[in-house]
Amino acid sequence: YFRSPDSSPVRGEVALSGGTADLSGSANVRLGGGSEGVAWLGGVNLRRHGDLRPGGGADSRHVLRRFAGLSGSQLRQVTGSRMQDTGFGAHGWHGKLVKRLPANQFLTFRYQYADLGEVRSYKDLEGGLGRVRSDFLPQSLNFLYARYERLGWMGFDSVTGTFSLNSQRDGSVRQGLRTTDRITTD
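Model, not experiment: these values are computed from the prediction.

Trainee: For this particular structure, what's the right way to read unusual backbone geometry?
Mentor: Along the chain, Leu137 connects to Pro138 via a cis peptide bond; the corresponding omega equals -15°. Along the polypeptide, Pro138 turns up in the loop between strand E7 (133-136) and strand E8 (139-153). The residue Met154 is not glycine, and still its phi comes out positive at about 50°. As for its position among the elements, Met154 is in the loop between E8 and strand E9 (156-170). The exposure class of Met154 is exposed, given its relative accessible area of 64%.

Trainee: Please explain the environment of Trp40 as it appears in this structure.
Mentor: Inspection of the secondary structure puts Trp40 in strand E3 (residues 38-49). According to the relative accessible area criterion, Trp40 is partly exposed, its value standing at 35%. In sequence terms Trp40 and Val10 are 30 residues apart; their C-alpha atoms lie 9.4 Å from each other.

Trainee: Before we go on, may I ask you to explain the pattern of salt bridges in this structure?
Mentor: Where side chains of opposite charge bring their charged atoms close, a pairing between them can arise. The full count for this structure, using the stated rule, is seven salt bridges. Of the charged contacts, one joins Asp181 and Arg178 as a salt bridge, the two residues approaching to 2.8 Å between their closest N and O atoms. Take Arg178: its relative accessible area is 54%, and that puts it in the exposed class. Through salt bridges with shared partners, a single ionic network connects Asp85, Arg120, Arg133 and Asp135.

Trainee: Please clarify how the sheet that holds strand E11 (residues 183-185) should be interpreted in this entry.
Mentor: Within a sheet, each strand pairs with its neighbour through backbone hydrogen bonds, oriented either parallel or antiparallel. An order of E6-E7-E10-E11 is seen for the four strands of this open sheet, with the pairing classed as antiparallel. In this open sheet, the two strands that pair with only one neighbour each are strand E6 (119-120) and E11. In this sheet, strand E10 (residues 173-175) lies alongside E7 in antiparallel orientation, the contact comprising three bridges. Across the sheet, residue Arg133 finds its bridge partner in E10, namely Gln175.

Trainee: Looking at this model, I keep getting lost on the pairing of strand E1 (residues 10-19). Mind explaining?
Mentor: Along any regular strand the residues' side chains alternate between the sheet's two faces. Examined bridge by bridge, E1 and strand E2 (residues 24-34) share ten bridges and lie antiparallel to one another. Bridge pairing links Arg11 to Gly32 in E2. Hairpin connection from E1 to E2: four residues lie between these consecutive antiparallel strands, with Leu23 at a positive phi of about 50°.

Thresholds applied
- Residues numbered from 1 in each chain as written.
- Predicted model: local features only at pLDDT ≥ 70, side-chain atom pairs only at ≥ 80, totals over all residues.
- Heavy atoms only, no water.
- Helix = DSSP H or I, 4+ residues; strand = E, 2+ residues; numbered from the N terminus.
- Buried < 20%, exposed > 50% of the residue type's maximum accessible area, 1.4 Å probe, protein only.
- Salt bridge = Lys/Arg side-chain N within 4 Å of Asp/Glu carboxyl O.
- Pairing = 2+ DSSP bridges.

Here it is in structure tokens:
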């Protein structure tokens, strides 16, 4: 987004999407701009995915179908037409700043944050073992980097050095097949 003095100082982009199989929706917004010596970019994103609708409306892996022998229509009467606990939400944001230095040099800083919520392991719940609880909590990312780049130096096309920090939180909460089973948190 480096620009010449006669171009627009800010550019933007909005993307919206949706789906019917999981009743999903998402929104992404990005803005960027700059001058001859500085460029910046930032954005936010939101997503929501609802419970999935299985093909033909029958979940062949559901614990009640496999262990209790319920037919597809019986299962739909008990649980509905969607695979319970397969939906989740997500949000995040990012920012980037690039400074043009003399002699074809650039200094870049970038930060990204992402978080997932309400994430469950369907293969351990109704779609598999039949656990009471199997959640992925927390699910988040913090990522930062700083980069120095020089173009055309001592016979090299470019020389680059990057320093980054990455922090992820990835946990789980599980409970066995009975409501009286112990809850395990990692």
